[in-house]
Amino acid sequence: MQTLKTSSGDLTADRRADYAEMLFGSGDPVAAAELLLGALELAPQWAAGWFRLGEMQETRGQFDLAAQAWAMALKLDPADRLGAALKLQLIGKAPAAAAPPSAFVETLFDHYAESFEGELVNKLGYRLPEFLDRAIRAARPGGFSLALDLGCGTGLMGERLRPIADRLVGYDISAAMLKKARAKGVYDLLAKADLQHFAYAGPKADLVVAADVFIYVGALDGVVKAVAGILAANGLFAFSVETPGEGEAAGEAGFALRPSRRYAHSQAYVERVLTTSGLSVLSVQPTVIRLDRRQPVDGLAVLATLSSG
């Protein structure tokens, strides 16, 4: 993910920052960081500038300096739209958190809404909606009266669900993504919602889907418990998670923040959370979620249902 291109509000500072990016791109992070620091002397309240300085310092291996820059970014933007707290966690300068800042997730997807599908499908080989669609149809060959698409994004999963759902409702934290989804005309209703604090008061759903969503949730206890309360009798819950890669570990918590600032979840953790919430696992299938730096990102496609009795 690239840093958001926001202006400092000072033309000279912006020009210095642009030149710093040129130096950084040409392989001179030391000179780039020095020039960006000069820009920040002109615009000391520029949170995005401090965040970018932290990234440059991180590249140099100057983690203490990076931490200082990210701490300043966080101080200037307590909502943490750039995810500075996550960067601090990754270099061991902040305690691990159970979830990312909601403002970070919202800002990220608002920013990438225009290019999202082209990047994800055409460049990163994203085929998870097709994979989940096949798994859902194999588990329940008939249709569904009401399907909820959590974290629906631009509607890639919704396009797959539309033929098998009498009524299809999508939720997403990003207004820009919802606008893209709305233009497709595949949903009966779309609404803005943060899955970390998801509340639902509608009729019971016989299908709930969360495709490539829990990577931006972290701890799954709350949202899985909410889904269990949403499902009708024999309702189906289909979702995916990323799994820890080689040399990574989910730790005692069962999930961990990755350098990509996405969360990986262990299979044991996923199954434990489902069971605790009163859901039974129907299937767990390994799959490739997408590519990242031309390398496959491994994950799991999971189907669960309400436990009987």
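The structure under discussion appears in the preceding block.
For clarity, every value in this text was computed on a predicted model and none was experimentally measured. (Residues numbered from 1 in each chain as written. Predicted model: local features only at pLDDT ≥ 70, side-chain atom pairs only at ≥ 80, totals over all residues. Heavy atoms only, no water.)

K.L.:
Sorry if this is basic, but what is going on with the overall build of the protein chain here?
P.N.:
Along the backbone of the protein chain there are 12 helices and 9 strands. Taking 309 residues into account, the globule formula puts the C-alpha radius of gyration at 19 Å, and the protein chain, at 21 Å, falls close to it. Taking the principal axes of the C-alpha coordinates as reference, the protein chain spans close to 65 × 40 × 35 Å. For the protein chain, buried positions account for 50% of its 309 residues. If you take every contact in the protein chain between residues at least 6 apart in sequence, the share linking residues at least 24 apart comes to 60%. Counting every atom, the protein chain has about 14,400 Å² of accessible surface; 52% of that belongs to carbon and sulfur. Charge-centre separation for the protein chain: the mean point of 31 positive side chains lies 3 Å from the mean point of 35 negative side chains. (Helix = DSSP H or I, 4+ residues; strand = E, 2+ residues; numbered from the N terminus. Rg over C-alpha atoms; globule rule 2.2 N^0.38 Å. Buried < 20%, exposed > 50% of the residue type's maximum accessible area, 1.4 Å probe, protein only. Contact = heavy atoms within 4.5 Å. Areas by Shrake-Rupley, 256 points an atom, 1.4 Å probe, with all protein chains shown as cover. Lys, Arg positive; Asp, Glu negative; His and termini not counted. Charge placed at Lys NZ, Arg CZ, Asp CG, Glu CD.)

K.L.:
I'm lost on helix α3 (residues 47-59) in this one. Help?
P.N.:
For an α-helix, 3.6 residues make a turn, and residues three or four places apart therefore share a direction. Compared with an ideal rise of 1.5 Å per residue, which puts 13 residues at 18 Å, α3 spans 19 Å between its outermost C-alpha atoms and is within 8% of the ideal. Counting buried positions along α3 gives 11 out of 13 residues, so the element sits mostly inside the fold. Every buried residue of α3 is listed here: A47, A48, G49, W50, F51, R52, L53, G54, E55, M56 and Q57. Trailing α3 by a residue or two, G61 shows a phi angle of about 80°, which is positive. (Expected span 1.5 Å × (residues − 1).)

K.L.:
How should the pattern of salt bridges be read in this particular structure?
P.N.:
Side chains bearing opposite charge may pair, as long as their charged atoms lie close to each other. Tallying each qualifying case throughout the model produces 20 salt bridges. Overlapping salt bridges, with partners in common, bring together D212, E242, R258, R262, R290, D292 and R293 in one network. (Salt bridge = Lys/Arg side-chain N within 4 Å of Asp/Glu carboxyl O.)

K.L.:
Would you explain the pairing of strand β9 (residues 295-306) in this entry?
P.N.:
Within a regular beta strand, the side chains point alternately toward one face of the sheet and then the other, so they alternate between its two faces. Bridging between strand β5 (residues 231-242) and β9 involves 7 bridges; their strand directions are antiparallel. Residue F237 lies in a different strand from β9, and its bridge partner there is A304. Two strands pair when backbone bridges link them, and strand β8 (residues 279-292) and β9 are joined in this way by 12 bridges, in the antiparallel orientation. The partner of S280 across the bridge, within β9, is T305. Between the antiparallel neighbours β8 and β9 lie 2 residues, among them R293 with a positive phi of about 55°. (Pairing = 2+ DSSP bridges.)

K.L.:
I would appreciate a short explanation of the nonpolar core in the present structure.
P.N.:
Most often, soluble globular proteins keep nonpolar side chains buried together rather than apart. If you look at the biggest cluster of nonpolar residues, it comprises 76 residues, and the most contacted ones within it are I136, F214 and F237. A20, L40, L53 and L82 belong to the second largest nonpolar core, which has 25 residues in total. (Core = buried A, V, L, I, M, F, W, Y, C linked by side-chain atoms within 4.5 Å.)

K.L.:
Would you explain helix α1 (residues 11-25) in this entry?
P.N.:
Between its terminal C-alpha atoms α1 stretches 21 Å, which fits the 21 Å expected from 15 residues at 1.5 Å a residue. Those residues of α1 that sit buried are A13, D14, A17, A20 and L23. Considering only its buried residues, α1 is in contact with α2 (29-42) and α3. Two or three places before T12, at the opening of α1, D10 has a side-chain oxygen 3.0 Å from that residue's backbone nitrogen. Among the residues trailing α1, G27 stands out with phi positive, at a value near 95°. (Polar contact = N/O pair within 3.5 Å; in protein donor to acceptor, adjacent residues only side chain to side chain.)

K.L.:
Honestly, the pairing of β5 in this entry has me stumped. Any pointers?
P.N.:
Counting buried residues along β5, 10 of its 12 residues qualify, which places the element largely inside the surrounding structure. In this fold, the crossover linking strand β4 (residues 205-210) to β5 by way of helix α11 (residues 221-230) has right-handed handedness. (Right-handed = clockwise from strand over helix to strand, strands pointing away.)

K.L.:
Honestly, the packing of aromatic side chains in this entry has me stumped. Any pointers?
P.N.:
Ring pairs (aromatic) are described by centroid distance and by the angle formed between their planes. Counted by the stated rule, this structure contains 10 aromatic pairs. Note on F214 and F237: the rings are 6.3 Å apart at their centroids and 65° apart in plane angle, and the pair reads as edge-to-face. In this pair, F214 sits in the loop between β4 and α11 while F237 sits in strand β5, placing the two residues 23 residues apart along the sequence. With respect to burial, F214 and F237 carry one shared label: buried. Through successive ring pairs, a cluster of aromatic residues spans F109, F116 and Y216. The residue whose ring lies beneath R52 is F24, and the NZ or CZ to ring-centre distance is 4.8 Å. (Phe/Tyr/Trp six-rings, centres within 6.5 Å; stacked < 30°, edge-to-face > 60°. Lys NZ or Arg CZ within 6 Å of the ring centre and 35° of its normal.)

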